[in-house]
Amino acid sequence: MAPPRGAADAVLLVSELVGNALRHGGEPGTLLLVRATGRLRIEVSDASPRPPLPRPPHPPDEPGGLGLFLLSRLTLRWGWHPSGPGKTVWCDLRLPAS
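Nothing here was measured: the structure is a model prediction, and the numbers come from that model.

Chemist: Would you explain the overall build of the chain in this entry?
Modeler: A count of helices and strands for the chain gives two helices and four strands. Taken from N to C terminus, the helices and strands of the chain fall in the order α-β-β-α-β-β. In the chain, 56% of the contacts between residues at least 6 apart in sequence involve partners at least 24 apart. With an accessible surface of roughly 6600 Å², the chain has 62% of that area assigned to carbon and sulfur atoms.

Chemist: Would you explain the pattern of salt bridges in this entry?
Modeler: Here the structure, examined in full by the defined rule, presents five salt bridges. Here E43 makes a salt bridge to R41, at a shortest N to O gap of 3.7 Å. With a shortest N-O distance of 3.0 Å, D46 and K87 are connected by a salt bridge. Of this pair, D46 sits in strand 2 (residues 39-46) while K87 sits in strand 4 (residues 86-94); the two residues are 41 residues apart in sequence, bridging distant segments of the chain. By relative accessible area, D46 is classed as buried at 10%. Through salt bridges with shared partners, a single ionic network connects R39, R41, E43, R77 and D92.

Chemist: Please explain the side chain of S45 as it appears in this structure.
Modeler: In this structure, S45 sits in strand 2. A polar side-chain atom of S45 sits 2.6 Å from a polar atom in the side chain of T88. Excluding anything up to four places from it in sequence, S45 contacts A21, P28, G29, T30, S83, K87 and T88.

Chemist: What is the right way to look at the sheet that holds strand 3 (residues 77-83) in this model?
Modeler: Read from one edge of the open sheet, four strands run 1-2-4-3, paired in antiparallel fashion. Whereas interior strands pair on both sides, the edge strands pair on one side only; in this sheet they are strand 1 (28-36) and strand 3. When strand polarity is set aside, the average angle formed by the axes of neighbouring strands in this sheet is 15°. Looking at chain direction, strand 3 and strand 4 are connected through seven bridges and run antiparallel. Bridge pairing links S83 to G86 in strand 4.

Chemist: Can you walk me through the environment of R50 in this structure?
Modeler: Tracing the backbone shows R50 in the loop between strand 2 and helix 2 (67-74). Classification of R50 as exposed rests on a relative accessible area of 52%. In this structure the C-alpha to C-alpha distance between R50 and H24, which are 26 residues apart in sequence, comes to 9.0 Å. Those residues in contact with R50 that lie beyond four places of it in its chain are H24 and K87.

About the cut-offs
Residues numbered from 1 in each chain as written. Predicted model: local features only at pLDDT ≥ 70, side-chain atom pairs only at ≥ 80, totals over all residues. Heavy atoms only, no water. Helix = DSSP H or I, 4+ residues; strand = E, 2+ residues; numbered from the N terminus. Contact = heavy atoms within 4.5 Å. Areas by Shrake-Rupley, 256 points an atom, 1.4 Å probe, with all protein chains shown as cover. Salt bridge = Lys/Arg side-chain N within 4 Å of Asp/Glu carboxyl O. Buried < 20%, exposed > 50% of the residue type's maximum accessible area, 1.4 Å probe, protein only. Polar contact = N/O pair within 3.5 Å; in protein donor to acceptor, adjacent residues only side chain to side chain. Pairing = 2+ DSSP bridges. Axes fitted to C-alpha atoms, helices over the stretch in contact; angles between N-to-C directions.

Written out as structure tokens, the structure reads:
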């Protein structure tokens, strides 16, 4: 049986955000998941103060570069803010009704 759509999207987004924090953000920071009525907030912190920037279009056979596209397509909203010496990238994911 496949996981519910909300769970699959959450796993994908956590993987993208944590992977980007490790790849581009220097030291890994924290992962915070907060469930509220109808939504899940995902926050990932890292040590880099640089804001997340979309990659320019590239050939389809070149890996990566889809993280911000996925955030914009799968979430209600997303953003980032400075956090200590680095930043936190967050997104709100709609949860299906129980």
